[in-house]
Amino acid sequence: MPLRSSWADLFFYPILPMSCPACALPTAGSAMCQGCRHLGGVVRSAAYLSYTWGRSKSPAYLFKNRGAFDNDLRSAVLKLFGQMARFTFGALSDDAIVIGAPPRTTKKWGKDDHLDDLLCAVEQENLTVLRKVLAYEGDEIRVADTHAIQEMRGKPVIIVDNTVVTGETVGSIAGLLRSQGASEVHLCIMSRYIDGMPDAIEAAQVYRREIPVRIENLDEWYLANWGGIGPTTSFDTVGSSDEH
Ligand SMILES: [Zn+2]
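The notes below deal with the structure included here. Everything numeric in this text was worked out from a predicted model, so none of it was measured.

### Thoughts on the sheet that holds strand β7 (residues 184-193)
Phase 1 of the analysis: Pairing in this open sheet of five strands is parallel, and the strands run β1-β7-β6-β2-β3 from one edge to the other. Since the sheet does not close on itself, it has two edges, and those belong to β1 (43-52) and β3 (128-129), each with one partner.
Phase 2 of the analysis: Here two bridges tie strand β2 (residues 97-100) to β3, and the two strands are oriented parallel to one another. By the bridge assignment, V98 is partnered in β3 with V129.
Phase 3 of the analysis: Those strands touched by helix α4 (residues 115-123) are β2, β3, β6 (156-164) and β7, and its axis lies near 135° from that of β6.

This is the structure we're talking about:
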């Protein structure tokens, strides 16, 4: 089955149980990594689907190049992403607002915004999505829709993005949302990009090899493991001082 093998080769490097709860970087413990300390109190929890590295095999590129990937593979990955969102954030679904990280693009609003597939997948799991709330103005992220911002005041906001590279961008988006009145900010991310980090890549490969299931059952493995690892992690360390 070509679909199943490409599925595994491309995507299934699950997040390690021992990883930074904010950016999913493999760590020695479960505390936030050095680079994410400033996110404590700003980002409340995070869910990541997979590690990725390299160019052509990165899920980050899947959603930018529609023609380049098998449609079945694409919908399988989207379904899994939606399920991760439901498993992780379903308890917030009554009042949470989901937004996409704004695309860095030269055109104002591209018609084929690759993030929209991820947002649709989350929407299908009954989470409320608002589109085009934020936008880049040069290098700055700004509020593009003031009505939407008013709507999220006092509510939890979940940021959806396809890739986190350093956490800097989602960090500034989270900071902006908090300053605009979001009660808490969560991350729902497709891939943690670990290119150029040989230790992290090795850890991801070893972990994948040790997962006691066959490749054909990896999706079931994911479903069984949400609730126990990364995706449900909530930051109570640094974040708790910010809550009153
Ligand atoms: Zn981190």
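### Focus: the environment of L119
Phase 1 of the analysis: Along the chain, the position of L119 falls in helix α4.
Phase 2 of the analysis: For the pair L119 and L130, spaced eleven residues apart in the sequence, the C-alpha separation amounts to 8.9 Å.

### Quick word on the pairing of β7
Phase 1 of the analysis: Counting buried positions over the ten residues of β7 gives ten, a clear majority of the element.
Phase 2 of the analysis: As defined by bridge partners, β6 adjoins β7 across eight bridges and the pair is classed as parallel. Bridged to T163 within β7 is S191.
Phase 3 of the analysis: After leaving β6, the chain enters helix α6 (residues 168-179) and then returns to the sheet as β7, a path that is right-handed.

Rules behind the numbers
Residues numbered from 1 in each chain as written. Predicted model: local features only at pLDDT ≥ 70, side-chain atom pairs only at ≥ 80, totals over all residues. Pairing = 2+ DSSP bridges. Helix = DSSP H or I, 4+ residues; strand = E, 2+ residues; numbered from the N terminus. Contact = placed C-beta atoms within 7 Å. Axes fitted to C-alpha atoms, helices over the stretch in contact; angles between N-to-C directions. Buried ≥ 20, exposed ≤ 12 C-beta atoms within 10 Å, placed from the backbone. Right-handed = clockwise from strand over helix to strand, strands pointing away.

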